[in-house]
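# A structural walkthrough
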Amino acid sequence: MDFGLTEEQRLIVETTRAFVENELYPHEAEVERTGVLRKELVDEIKQKAIETGLYAANMPEGVGGAGLDTVSWLLYEKELGRANYALHWTCVGRPSNILLAGTDAQKEKYLYPCIRGEKSDCLAMTEPGAGSDLRGMKATAVEKGGDWLVNGTKHFISHAMEADFVILFVASGEEDTPRGKKKKITAFFVDKGHPGMTIREGYRNVSHRGYSNAIIEFDDCRLPNEAILGEVHKGFEVANAWLGATRLQVAATCLGRAERALTHAIEYAAQREQFGQKIGKFQGISFKLADMATELKAADLLTFEAGWKFDQGTVTDADMAMAKLKATEVLAFVADEAIQIHGGMGLMDDLPLERIWRDARVERIWEGTSEIQRHIISRALLRPHGA
């Protein structure tokens, strides 16, 4: 096993980190204070990201992306994850990989403009009554007169207010299974402003200020067959095939923020004096740092091993669940301990620690809760034994 980075990977890390520190960090305080990303700021940073080659770097080279392997992509995500989420996600766009599943016509309309930075997408799956249990979604698509009529409500839809189109997942039928009836899901493209679709502001969120969520309502929204992504009733298959690595993306961005918090804690412990000596000399502080570094290293190894296995074609759902579970929970632990080491100053907005601490909370919920990750892992352990 070789744990070293290639020269290209080192360059990716250096380039992305420099961009984050020079172009994103200076604007964090404004976004945290106002909860708003100004359009002119987004356009300015987006253009710089395009010129630097960081925009849509997650996409294959053949469609205009950087063609990164999974490990390199996770290194890139880890560095971006150091910054305010709204800034790095909105200004350094990474179009959803699911766009690659579209037809040629759909790629021309949606994929390529996203890669060029002319459009942005959002995914609409979650509903008020269907979070972890996506098969419980109540929004429906019914075939009528050669088209599909969509009705229902989606919520917690990230950056839908800013997106140019929605990738929508709705129930389109039912099938009988040994465990009873199961809903069939179909995915659709829906352009912003399409008749029958209304997007309104969502909820105030303690995490990721500036990164908005929205509620989307569908009232007899008529969609043609040409709007279907993939095949009818095969929406989950499309999602599983193209969105599997998003849990690794969450893990990687959490690692970046945890590393930033740990760095602050180490520097503070090495400089702050109490009782006539640096606080880092007290075991109560130094042992915290040791535990933080050890847990972070474990999360890092789990995440990048899963990334390596993804490229080898041997990754399992349990591998990705372990990475997501460990990285998100380590971020919460490191952020909390970093604040404890700083004392009262850790909760002041002069430092990024209180933001990292707040932002960490949502990571154990979205893209699959910690409980769902544990379910996936335990199922993988028990199923071979018939349990």
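Only a predicted model underlies this, so the values are computations on that prediction, with no experimental measurement involved.

### Some points on the side chain of Glu127
Position of Glu127 among the secondary structure elements: in the loop between β1 (121–124) and β2 (140–144). Within the structure, Glu127 has its side chain in polar contact with the backbone nitrogen of Lys138 (distance 2.6 Å). When sequence neighbours within four positions are dropped, the list of residues in contact with Glu127 reads Met137, Lys138, Ala139, Thr153, Lys154 and His155.

### Side note on the side chain of Glu79
Examined against the element boundaries, Glu79 turns out to sit in helix α3 (residues 70–80). According to the relative accessible area criterion, Glu79 is buried, its value standing at 2%. Of the polar contacts made by the side chain of Glu79, one reaches the side chain of Arg17; its length is 2.8 Å. A distance of 2.9 Å separates polar atoms of two side chains, one belonging to Glu79 and the other to Arg82. Excluding residues that lie within four positions of it along the chain, Glu79 makes contacts with Val13, Thr16, Arg17 and Val20.

### A few points about the domain arrangement of the protein chain
Here the protein chain is partitioned into domain 1 (7–94), domain 2 (121–233) and domain 3 (237–385). Here the C-alpha centre of domain 3 lies 20 Å away from the C-alpha centre of domain 1. In this complex, domain 1 contributes 20 residues to the contact, which on the side of domain 3 involves 20 residues. Both sides of the domain 1 and domain 3 interface together cover about 1,800 Å² of buried area, and 58% of this is carbon and sulfur.

### Observations concerning the packing of aromatic side chains
A complete count under the given rule lists ten aromatic pairs for this structure. By way of ring pairs, the aromatic residues Tyr85, Trp89, Tyr211 and Trp366 are connected into one cluster. The aromatic ring of Tyr25 is capped on one face by Arg260, whose charged end is 3.8 Å from the ring centroid.

### Structural notes on the pairing of strand β3 (residues 147–158)
Walk down a regular strand and you will see the side chains alternate between the two sheet faces. Sheet topology note: the β2/β3 ladder contains five bridges and is antiparallel. When the bridges of β3 are listed, Lys144 appears paired with Asp147. Counting the residues that bridge the hairpin from β2 to β3 gives two residues, and of these Gly145 lies at a positive phi of roughly 60 degrees. Summarising the sheet, β3 and strand β7 (residues 213–224) pair through nine bridges and their orientation is antiparallel. Directly across from Thr153, in β7, lies its bridge partner Glu217.

### Re the nonpolar core
If you look at the biggest cluster of nonpolar residues, it comprises 91 residues, and the most contacted ones within it are Tyr76, Phe169 and Ile341. Residue contributions to this core peak at twelve residues, all from helix α7 (residues 246–271). Not counting residues up to four positions away in its chain, the partners in contact with Ile341 are Ala265, Tyr268, Ala269, Ile279, Ile285, Lys288, Leu289 and Met292. Counting 22 residues, the second-largest nonpolar core is a separate cluster that includes Val150, Phe188, Ala214 and Ala227.

### A few points about unusual backbone geometry
One non-glycine residue with positive phi stands out, namely His208, at about 55 degrees. Inspection of the secondary structure assignment puts His208 in the loop between β6 (197–201) and β7. Using a relative accessible area of 2% as the deciding quantity, one classes His208 as buried. Residues other than glycine seldom take positive phi values, yet Asp220 does so here, at roughly 50 degrees.

Criteria and cut-off values
Residues numbered from 1 in each chain as written. Predicted model: local features only at pLDDT ≥ 70, side-chain atom pairs only at ≥ 80, totals over all residues. Heavy atoms only, no water. Helix = DSSP H or I, 4+ residues; strand = E, 2+ residues; numbered from the N terminus. Polar contact = N/O pair within 3.5 Å; in protein donor to acceptor, adjacent residues only side chain to side chain. Contact = heavy atoms within 4.5 Å. Buried < 20%, exposed > 50% of the residue type's maximum accessible area, 1.4 Å probe, protein only. Domains from an automatic or database assignment. Buried area = accessible area lost by both parts, 1.4 Å probe. Phe/Tyr/Trp six-rings, centres within 6.5 Å; stacked < 30°, edge-to-face > 60°. Lys NZ or Arg CZ within 6 Å of the ring centre and 35° of its normal. Pairing = 2+ DSSP bridges. Core = buried A, V, L, I, M, F, W, Y, C linked by side-chain atoms within 4.5 Å.

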